[in-house]
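Each chain, written out:
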Amino acid sequence: MSKAVKFGGSSVANSEQFKKVKQIILADPDRKYVVTIACGKSGQEDHKVTDLLYLCAAHITYDVSYESIFQSIVDKYMEIKRSLGLKIDLAGEFAKIRQNMAQNLNLDYLVSRGEYLTGLCLAEYLDADFVDSSRVIRFHYDGSIDLDKSQELLKAQVDPGRRVVIPGFYVADPRIIKDHVQIPRITYSELRQMSYMGENVLHDDAVFPVRQKNIPINVRNTNHPENPGTMIMNDCSELDAQEPPHVITGITGKQDFTVITMVKSHVSAEAGFLRKVLAVFEKFQISIESVPVTVDTFSIVVQTKKIERYLYEIVAELKQDLHLDDIQVESQQAMLAVVGRAMRQMPKAIYQQFISEERVER
């Protein structure tokens, strides 16, 4: 059985992290496919390589020198090369990048160089083959990935007997939640809901292919390889029967929403009201996130960036078409999502838990 392993930016932030990654990979001979992103931060004073590349692009756009920023990227990779005893021609690679930056600033190309360089270094350090993502990943015209073509190209590039390194562009956040609890397992469905609402460890597009094949994902910590981490599966029912899951799997959220609240007596009982409201938003090609309703109010939650251009026209049409008693607009709002497969069996407990917590906060 072959396994694919992906390492985030903090896992390849410096040479010491590279050594940990090598130990993890060599500990399991089935770990054949290694995906890495760009070097992350080594500490509070350090910077992510991708962020520095974006800064370089901004400096070029405004005709400001980017030399000091670019040199910090060069220094980071040169130190990794020196510490690990690599032979890779980094000077030549950086010369190519500089030449491309001078001739034609392609932002996608530039910001992906962090993944590319990290992948090259890691491939040599692991004595593995390097496969450039740009040579094996193909897309449809609508921007979605062409899995069939990508699989065909990948098979042509990969030697089944060799380990492969592929650069990639990439559940409670311990930076936010002090006493976070590890999630032992989560379903793909729960992950998708959390991803849509702001969780950003795994992108939905990255999960879809393995979900189709019913391949489980194990999320682990490079700095604590002994920790079993979190398993992501299609169906957790068998394991849940042995060890019941926590009522709440996770809480996540997104910011920058606008809430338009329409006030009208007994609006919830008025047939066709929702259809009329949705027709106004459809006219302006604006998708809706949520529709909270009470007996006398009807709220529409939308992303601020999608509505701000048409906000005044939409409010005017809603007033005119729906004969409202009042209409209120609130910006800078956030949405929270509480996800948990066990919540359906315990609605009363969930309600009581949140009511008690709300009272404590107040």
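Up top you'll find the structure we're talking about.
Remember, predicted model here, so these are calculated numbers, not experimental data.

Observations regarding the overall build of the chain
- Each helix and strand counted, the chain has 15 helices and 10 strands in total.
- Taking all 362 residues of the chain together, 38% fall into the buried category.
- As presented, the chain carries roughly 22,400 Å² of accessible surface, and 51% of it is formed by carbon and sulfur atoms.

Comments concerning the sheet that holds strand β6 (residues 217–219)
- Across the sheet, 3 strands lie side by side as β5-β7-β6; this open sheet has mixed pairing. Two strands in the sheet have a free side with no partner beyond their single neighbour: β5 (185–187) and β6. This sheet shows a mean twist of 25 degrees between the axes of neighbouring strands, independent of strand direction.
- In terms of strand pairing, β6 meets strand β7 (residues 230–233) through 3 bridges, oriented antiparallel. Across the sheet, residue Ile217 finds its bridge partner in β7, namely Ile232.
- Strands β5, β6 and β7 of the sheet are contacted by helix α9 (residues 188–196), whose axis makes an angle of about 80 degrees with β5.

Structural notes on the pattern of salt bridges
- Scanning the model with the defined rule gives 13 salt bridges in all.
- Residues Asp127 and Arg162 are paired through a salt bridge, measuring 3.8 Å at the closest nitrogen-oxygen approach. Pair noted here: Asp127 is in the loop between α6 (113–126) and β3 (129–130) and Arg162 is in the loop between α8 (147–157) and β4 (164–167), with a separation of 35 residues, a long-range link.
- Each member of the salt-bridge network shares a partner with another, and the members are Lys3, Asp28 and Arg31.

About the criteria used
Residues numbered from 1 in each chain as written. Predicted model: local features only at pLDDT ≥ 70, side-chain atom pairs only at ≥ 80, totals over all residues. Heavy atoms only, no water. Helix = DSSP H or I, 4+ residues; strand = E, 2+ residues; numbered from the N terminus. Buried < 20%, exposed > 50% of the residue type's maximum accessible area, 1.4 Å probe, protein only. Areas by Shrake-Rupley, 256 points an atom, 1.4 Å probe, with all protein chains shown as cover. Pairing = 2+ DSSP bridges. Axes fitted to C-alpha atoms, helices over the stretch in contact; angles between N-to-C directions. Contact = heavy atoms within 4.5 Å. Salt bridge = Lys/Arg side-chain N within 4 Å of Asp/Glu carboxyl O.

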